[in-house]
Amino acid sequence: MLSVCLIFLYILGSSYLAGFLALSGISRIFGKKEKRVFLPDSYIMAGLIVWTVYAQLFSLFYKVGLLANLIVLGICILTIAVFRRKLWEELRRQLGNISRIGKVFYLFLFLLFAYGTARGIIHYDTGLYHAQSIRWIEEYGVVKGLGNLHCRLAYNSSAFSLSALYSFSFLGGQSYHCAAGFFALLLAKVCSEISQAWKRRGLVLADIARLMGFYYLMIIFDEMVSPASDYFMVLTVFYIVIRYLDLVERGEKDWLFYGLLALVCVYTMSLKLSAALIVLLALKPASMLIKEKNGKGIAVFLGLGAMILLPYLIRNVFISGWLVYPFTWVDFFPVDWKIPKVLADYDAKEIQVWGRGVYDVARYGEPIGAWMKGWFLSQAALDKLFILIGAAAVPVSVIAWFAAANKKMDRQRDWMLAAVTVNLSFVFWLFSAPLIRYGCVYVWLAAPITFGGLSMWLIRKENAGKYFWRAVYGLLAAAGCYKLLAFGKEIAFGFSKEYFIYQKEYENFETEDYEVEGITFYYPAEGDRAGYDAFPSSPGRAKIELRGTVLEEGFRYKEMK
């Protein structure tokens, strides 16, 4: 836990400084007479994006380790030296806005999530490919044709590059995996702002998203020790929806804030491609820019979006030979290390059928009626409820958006844009690979955002509406107290001093070895997981040949006789 605290502080400091540098620079390009005020978490999220893009770019040329971190430190020190006065003024302003009780609470959150990140349950897929993916970045950066060794190593998430940057494996000890826990801490801070509802004497729509965010954080608290790309994506989508609704609620007229949030949407696509439709929220700043005829703003933000996504796409091509693996409809690169199309297509089908709970690729082409019932019955009771209400919310959100746009009700229209975005993401998830951990953020937000927004729109607080909202607050308070009590008991009964200093290490499994052109590879003696230490490894004997004489030169697929 102590080591996690130190890494959290390093991530916090480096991301804050990088975010301050980035947002100050962008804001200066589109300067206004009045000074723009950014929230502390805005700097941190912007910094996390900066360092993720940096780590991916760095990996194209060299391993992400000591040198990469020395450059990070150099940039941070230079930023402090050049902008020390502005930084100090900004920190004083931000700290001055936090009460003593608030500071104590944030310290508690910091320690709580450091504790949660230090121990817990290692995700199954971490032993399968997360740990190996991160180690390849730590050891070599990017390797051409790596996906031929194991197709899941081609599931290139930008989260793995960020995890490698902050793993500190170059110190010679363990490889730390704290980045997912830090993202969870950041969301917990944003969700804790629901306390302001007491001063407002009522909830806003963003608070409903915050409640669902808390629910997700409680679920993954014992699992965020794993660097699973699902966690990074879901945590970031929650963050985006909450902050977007906050902007709408305060009636923000400056397109820049919406534009910056749109860049976070683009970033989320690089974490996991299933988040692609969250980019629909960019329609808000796009419409504002078009209305203002702001060509400069459009050009700059398109350029920034490309800068965020380009390193991810380049890594895709290096690792798999495909622009977006395992989807083969875009085939621009006739490289010798390309994963064969038939294998990539099979992998894409396997992802979808596994999401449907079928586990047989031969059933890929079956109509929805053949698998939907069995899939639905396999879901948890609460998830079934959210899925059913979410399905009803899809047409409602679209109709409500058109109605608000027709009546020129700007705030309600913007509320419903969030609902439509989440609902279309829900539909995309449902009909592609509906594994609950892939799309739980859409399942849990679809109905609450849609019907919560409609309730705030149509039901006034006066007269009968007053009693309706009292009933809502009472139910939410009862459910919240129950869940918090259960969560507290779980932490108390599961408390352990085992990882008080260090973080729980990656799981490792018994392996056997084989050679390819004089280089030793490993595969599990049983099952399909090798873990972190057995390197390089894959679930079985890989059908590969080396592109050269060393690992750095990569692999080609080789059909074994």
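Look a little higher up for the structure.
Just so it is clear, the structure is predicted and the values come from calculations on it, not from any experiment.

**Re the overall build of the protein**
Line of reasoning, step 1. Helices and strands together make up the secondary structure of the protein, namely 19 helices and 4 strands.
Line of reasoning, step 2. For the protein, the C-alpha radius of gyration of 24 Å lies close to 24 Å, the compact-globule estimate for 561 residues.
Line of reasoning, step 3. Here the C-alpha coordinates of the protein stretch approximately 80 × 65 × 55 Å along the principal axes.
Line of reasoning, step 4. Across the 561 residues that make up the protein, the buried fraction comes to 55%.
Line of reasoning, step 5. Per element, the accessible surface of the protein, about 25900 Å² overall, is 65% carbon and sulfur.
Line of reasoning, step 6. In the protein, the 58 positive side-chain charges and the 44 negative ones have mean positions that sit 13 Å from each other.

**With respect to a negative patch on the surface**
Line of reasoning, step 1. A cluster of like negative charges, contributed by Glu510, Glu512, Asp513, Glu515 and Glu526, occupies part of the molecular surface.
Line of reasoning, step 2. Tracing the sequence through the fold places Glu526 in the loop between β2 (519–524) and β3 (544–546).

**Some remarks on the side chain of Ser320**
Line of reasoning, step 1. By secondary structure assignment, the location of Ser320 is in helix α13 (residues 295–320).
Line of reasoning, step 2. Given the relative accessible area of 1%, Ser320 is considered buried.
Line of reasoning, step 3. A polar contact of 2.8 Å, which involves the side chain of Ser320, links it to the backbone oxygen of Asn316.
Line of reasoning, step 4. Every residue in contact with Ser320, bar those within four places of it in the chain, is listed here: Ala154, Tyr325, Trp337, Lys338 and Ile339.

**What to know about the nonpolar core**
Line of reasoning, step 1. Grouped together as the largest cluster of nonpolar side chains are 183 residues, with contacts concentrated most on Phe113 and Leu245.
Line of reasoning, step 2. Ranked by residues supplied to this core, first place goes to helix α10 (residues 229–249) with 15 residues.
Line of reasoning, step 3. Not counting residues up to four positions away in its chain, the partners in contact with Phe113 are Phe8, Gly181, Ala184, Leu185, Ala188, Leu217, Phe221 and Met224.

**Focus: a nonpolar patch on the surface**
Line of reasoning, step 1. Nonpolar side chains collect at one region of the surface, where Leu21, Phe61, Tyr62, Leu66, Leu67, Leu70, Ile71, Leu73, Ile75, Ile77, Phe170 and Leu171 lie side by side and expose about 1100 Å² of accessible area between them.
Line of reasoning, step 2. Looking at the nonpolar patch, the element that brings in the most residues is helix α3 (residues 66–96), giving 7 residues.
Line of reasoning, step 3. One can find Leu70 in helix α3.

**Details of unusual backbone geometry**
Line of reasoning, step 1. In the segment running from Tyr325 into Pro326, the intervening peptide bond is cis, with an omega of 10°.
Line of reasoning, step 2. Positionally, Pro326 belongs in the loop between α13 and α14 (341–355).
Line of reasoning, step 3. One non-glycine residue, Phe168, lies in the positive phi region at around 55°.
Line of reasoning, step 4. Structurally, the position occupied by Phe168 is in the loop between α6 (158–165) and α7 (179–191).
Line of reasoning, step 5. The phi dihedral of Lys293 falls on the positive side, at around 55°, and the residue is not glycine.
Line of reasoning, step 6. By the element assignment, Lys293 lies in the loop between α12 (283–292) and α13.
Line of reasoning, step 7. Relative accessible area serves as the criterion here: at 76%, Lys293 is assigned to the exposed category.

**As for the environment of Leu162**
Line of reasoning, step 1. Structurally, Leu162 is set in helix α6.
Line of reasoning, step 2. Among the residues examined, Leu162 registers a relative accessible area of 1% and is labelled buried.
Line of reasoning, step 3. Leu162 sits 39 residues away from His123 along the chain, and the two C-alpha atoms are 18 Å apart.
Line of reasoning, step 4. Apart from the residues within four sequence positions on either side, Leu162 is in contact with Leu48, Trp51, Thr52, Ala55, Phe183 and Tyr267.

**Here we look at the pairing of β2**
Line of reasoning, step 1. The pairing of strand β1 (residues 511–516) with β2 spans 6 bridges and is antiparallel. Counterpart to Val516 in the pairing with β2 is Ile519.
Line of reasoning, step 2. Counting the residues in the hairpin turn of β1 and β2 gives 2 residues, including Glu517, whose phi is positive at 55°.

**Notes on empty space enclosed by the protein**
Line of reasoning, step 1. Using the criterion set out here, one finds 4 cavities of 30 Å³ or more in the structure.
Line of reasoning, step 2. Roughly 50 Å³ of volume is contained in the largest cavity.
Line of reasoning, step 3. Considering the residues around the largest cavity, the lining is formed by Ser133, Trp136, Ile137, Leu146, Leu153, Asn156, Ser157, Phe160, Arg315 and Ile319.
Line of reasoning, step 4. Looking at the lining of the largest cavity, the elements with two or more residues in it are α5 (124–140) and α13.
Line of reasoning, step 5. It is α5 that contributes the most residues to the lining of the largest cavity, 3 residues altogether.
Line of reasoning, step 6. Its residues assigned to classes, the lining of the largest cavity shows 6 nonpolar, 3 polar and 1 charged.

**A look at the pattern of salt bridges**
Line of reasoning, step 1. Taken as a whole and assessed by the stated rule, the structure comprises 28 salt bridges.
Line of reasoning, step 2. The closest approach of N and O atoms between Asp246 and Arg210, which form a salt bridge, is 2.7 Å. You can see Asp246 sitting in helix α10 and its partner Arg210 sitting in helix α9 (residues 205–220), a full 36 residues away along the chain.
Line of reasoning, step 3. You can call Asp246 buried: its relative accessible area is 17%.
Line of reasoning, step 4. Since its relative accessible area comes to 2%, Arg210 is described here as buried.
Line of reasoning, step 5. A salt bridge links Arg437 to Asp230; the shortest N-O distance between them is 2.2 Å. Here the residue Arg437 occupies a position in helix α18 (residues 436–458), and Asp230 occupies one in helix α10, the gap between them amounting to 207 residues.
Line of reasoning, step 6. Of the residues examined, Asp230 reaches a relative accessible area of 3% and is grouped as buried.
Line of reasoning, step 7. Via salt bridges that share partners, Asp41, Lys189, Glu193, Asp207, Arg210, Arg243 and Asp246 belong to a single interconnected network.

The rules behind these values
Position numbers for residues count from 1 along each chain, tracking the sequence in the order it is written. A pLDDT threshold of at least 70 governs which residues receive local features in this predicted model, and a stricter bar of 80 or more applies before side-chain atom pairs are shown or counted, although totals over entire chains, interfaces and linings include all residues. To obtain the side-chain values, all non-hydrogen atoms of the structure were used and water was disregarded. Each helix is a run of H or I in the DSSP string that is no shorter than four residues. Each strand is a run of E no shorter than two, and both are numbered from the N terminus. This radius of gyration counts C-alpha atoms alone. The globule rule is 2.2 Å times how many residues there are, raised to the power 0.38. Partly exposed residues are those whose accessible area sits between 20% and 50% of the maximum for their type, while under 20% is buried and over 50% is exposed, using a 1.4 Å probe and protein chains only. Working definition of accessibility: Shrake-Rupley area with a 1.4 Å probe, residue cover restricted to the visible protein chains. Charged residues are defined narrowly, with Lys and Arg counted positive, Asp and Glu counted negative, and His plus the chain ends left uncounted. By convention, the point assigned to a charge is CZ for Arg, NZ for Lys, CD for Glu and CG for Asp. What makes a patch is a set of residues exposed beyond 30% relative accessible area and free of salt bridges, joined within 9 Å when like-charged and within 5 Å when nonpolar (Val, Leu, Ile, Met, Phe, Trp, Tyr). A side-chain nitrogen of Lys or Arg and a carboxyl oxygen of Asp or Glu constitute a salt bridge if their distance falls within 4 Å. The term polar contact refers here to a pair of N or O atoms within 3.5 Å; inside protein, the definition further demands a hydrogen-donor-capable atom paired with an acceptor-capable atom, and it admits residues adjacent in sequence only when both atoms are side-chain atoms. Contact between two residues is taken to exist if any of their heavy atoms lie within 4.5 Å; hydrogens are not considered. To qualify as a nonpolar core, a set must consist of buried Ala, Val, Leu, Ile, Met, Phe, Trp, Tyr and Cys residues joined through side-chain atoms within 4.5 Å. The criterion for strand pairing is that DSSP finds at least two bridges linking the strands in question. Only protein atoms enter the 1 Å grid used here. Points where a 1.4 Å probe fits but cannot escape make up a cavity, open sets with protein on both sides within 12 Å along at least five of seven lines make up a pocket, and a residue lines them when an atom lies within 4 Å of a point. Grid points are joined across faces, edges and corners, and a volume is the space filled by probe spheres set on the points. Residues were grouped as follows: Ala, Val, Leu, Ile, Met, Phe, Trp, Tyr, Cys and Pro as nonpolar; Asp, Glu, Lys and Arg as charged; and all remaining residues, including Gly, as polar.

Interpretation note: all reported values are geometric properties and have no functional meaning in isolation.
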